[in-house]
Amino acid sequence: MAWFKREKYTIVRAERDGKESNIPSGLFSKCDTCSEMMTAKELEDSFRVCKKCGFHFPLSSADRVRLLIDEGTWTPRPAPVVGGDPLGFPEYAEKLKAARKKTGMGDAVVTGTGKLAGLDLALGITDFAFMGGSMGSVVGEELTRLIEHATEARLPLVLVSGSGGGARMQEAILSLMQMAKTSAALARLGRAGLPYISVLTHPTGGGVTASWAILGDLNVAEPGALIMFAGARVIEQTIRQRLPKDFQRAEFLQEHGVVDRVVHRHKLKETLALMLSYLRPTQASR
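Everything numeric in this text was worked out from a predicted model, so none of it was measured.

Caption draft 1: Representation of the nonpolar core. The biggest cluster of nonpolar side chains holds 35 residues, and the ones touching the most others in it are L157, L159, L186, L189, Y196, W212 and I227. Every element with two or more residues in this core is listed here: α3 (92–103), α4 (137–153), β9 (157–161), α5 (172–191), β10 (196–200) and α8 (250–255). Of all the elements, α4 adds the most residues to this core, at five residues. Judged by nonpolar contacts, the second largest core, of 22 residues, contains F47, L119, V158 and V199.

Caption draft 2: Expanded view of unusual backbone geometry. Between H202 and P203 the backbone carries a cis peptide bond, its omega angle lying at -10°. Note that P203 resides in the loop between β10 and α6 (206–209). Despite not being glycine, M131 shows a phi value in the positive range, around 50°. Structurally, M131 is set in the loop between β8 (119–126) and α4. Phi is positive for A172, close to 45°, though the residue is something other than glycine. Within the secondary structure, A172 sits in helix α5.

Caption draft 3: The packing of aromatic side chains, seen in detail. By the definition in use, this model includes two aromatic pairs. Taken together, a centroid distance of 5.1 Å and an interplanar angle of 75° make the contact between F55 and F57 edge-to-face. On the basis of an interplanar angle of 70° and a centroid distance of 5.5 Å, the ring pair of F247 and F252 is categorised as edge-to-face. Look at F252 and you get buried, because its relative accessible area is 14%.

Caption draft 4: Quick look at the sheet that holds strand β7 (residues 109–116). The sheet built from seven strands is open, its strands ordered β6-β7-β8-β9-β10-β11-β12 with mixed pairing. Edge positions in the sheet fall to β6 (75–76) and β12 (261–262), since each has one partner strand and no second. Examined bridge by bridge, β9 and β10 share five bridges and lie parallel to one another. By the bridge assignment, L157 is partnered in β10 with Y196. Along the sheet, helix α2 (residues 61–68) contacts β7, β8 and β9; its crossing angle with β8, the most-contacted strand, is approximately 160°.

Caption draft 5: Spatial organisation of a nonpolar patch on the surface. The grouping of I173, L176 and M177 at the surface amounts to a nonpolar patch, some 300 Å² of accessible area in total. Tracing the backbone through its elements, the reader meets M177 in helix α5.

Caption draft 6: Fine view of the pattern of salt bridges. Here the structure, examined in full by the defined rule, presents ten salt bridges. With a closest N to O distance of 2.8 Å, K269 and D70 form a salt bridge. Separated by 199 residues along the polypeptide, K269 in helix α9 (residues 268–278) and D70 in the loop between α2 and β6 bring together distant segments of the chain. Residue classification places K269 among the partly exposed positions, given a relative accessible area of 24%. Put simply, E141 and K181 hold a salt bridge, and the shortest N to O gap is 2.7 Å. In this pair, E141 sits in helix α4 while K181 sits in helix α5, placing the two residues 40 residues apart along the sequence. A single salt-bridge network, built from bridges that share partners, covers R64, E222 and R265.

Caption draft 7: Structural view of the packing of α4 against α5. Where α4 meets α5, the axes come as close as 9 Å, and the angle between the chain directions of the two elements is 10°. It follows from the interaxial angle that α4 and α5 lie roughly parallel. Judged by residue contacts, S137, G140, E141, L143, T144, I147, E148, A150 and T151 of α4 engage L174, Q178, K181, T182, A185, L186, R188 and L189 from α5. Of the residues assigned to the contact of α4 with α5, the class counts are seven nonpolar, six polar and four charged.

Caption draft 8: Expanded view of the side chain of R265. Topologically, R265 is positioned in the loop between β12 and α9. From its side chain, R265 meets the backbone oxygen of F47 in a polar contact 2.7 Å long. A polar atom in the side chain of R265 sits 2.9 Å from the side chain of E222. Once residues within four sequence positions are removed from consideration, R265 is found in contact with F47, R48, V49, H56, F57, L59, R64, L67 and E222.

Rules of the game
- Residues numbered from 1 in each chain as written.
- Predicted model: local features only at pLDDT ≥ 70, side-chain atom pairs only at ≥ 80, totals over all residues.
- Heavy atoms only, no water.
- Core = buried A, V, L, I, M, F, W, Y, C linked by side-chain atoms within 4.5 Å.
- Buried < 20%, exposed > 50% of the residue type's maximum accessible area, 1.4 Å probe, protein only.
- Helix = DSSP H or I, 4+ residues; strand = E, 2+ residues; numbered from the N terminus.
- Phe/Tyr/Trp six-rings, centres within 6.5 Å; stacked < 30°, edge-to-face > 60°.
- Pairing = 2+ DSSP bridges.
- Contact = heavy atoms within 4.5 Å.
- Axes fitted to C-alpha atoms, helices over the stretch in contact; angles between N-to-C directions.
- Patch = residues over 30% accessible without salt bridge, like charges linked within 9 Å, V, L, I, M, F, W, Y side chains within 5 Å.
- Areas by Shrake-Rupley, 256 points an atom, 1.4 Å probe, with all protein chains shown as cover.
- Salt bridge = Lys/Arg side-chain N within 4 Å of Asp/Glu carboxyl O.
- Parallel < 35°, antiparallel > 145°, perpendicular 65-115°, else oblique.
- Nonpolar A, V, L, I, M, F, W, Y, C, P; charged D, E, K, R; others polar.
- Polar contact = N/O pair within 3.5 Å; in protein donor to acceptor, adjacent residues only side chain to side chain.

Here it is, written out as structure tokens:
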């Protein structure tokens with residue numbers, strides 16, 4: 001039986017006879033909750049859910065499209081807006097450049113249209129890998145354009161949040177304005193009689209939580225997802241009280257009416273399909 005120790009670039013396996021063999025880094029992942037070791041392929045095949053305890057690892061926007069959208073039906077929307085550094089915030093331009101290189105994305109959001117279990121819909125996803133999925137001017141603008149397209153094309157809307165970074169502080173008021181802009185667009189979508197389902201994933205925070213992320217006709221969350229405005233430590237220091245166990249986790253928020261359902265990732269597509277079939281667009285005037 002082998003035991004493992006982690007070095008900087010590889011995992012080294014040491015056999016009982018003292019001999020060591022190098023295993024290339026990236027072949028294995030360890031669950032943050034139960035410490036179960038899984039191969040990269042096992043994790044990918046399970047859509048990054050621990051096979052032992054069910055812990056939900058972060059999932060990229062590309063993998064979320066693969067999880068939710070029927071094969072061959074995804075049409076990404078063009079990204080006509082390009083983010084910059086409007087306030088000249090120190091090192092912000094360099095961070096944007098690094099995030100684009102790391103992820104291959106223009107910013108922290110992907111939008112498009114496709115079919116989910118045969119149902120047409122508009123889908124937007126924020127990706128935690130790009131600066132914590134934070135919402136700046138580009139993210140707000142692209143989400144608003146997607147919502148407006150859904151309203152015009154009479155499509156149901158699903159938005160998936162991986163926005164632990166909340167509203168992007170490097171853009172200050174320009175970022176905070178996106179909260180009102182996206183919320184106003186969702187109000188127009190609702191007046192048109194079109195459904196909106198919000199999917200909350202780990203983590204979702206700040207100005208995103210305080211705007212479009214919890215404005216769904218139905219709010220669905222993945223198990224164990226941290227969903228909050230201010231962090232628990234900040235709240236405890238402010239009110240000088242100990243907070244309940246699992247405060248701000250998806251299950252706690254379901255008990256208190258913020259989240260409608262907590263759904264395992266493997267059942268998310270079928271659950272959304274069922275919800276969308278119940279919430280078929282009405283003929284209400286715009």
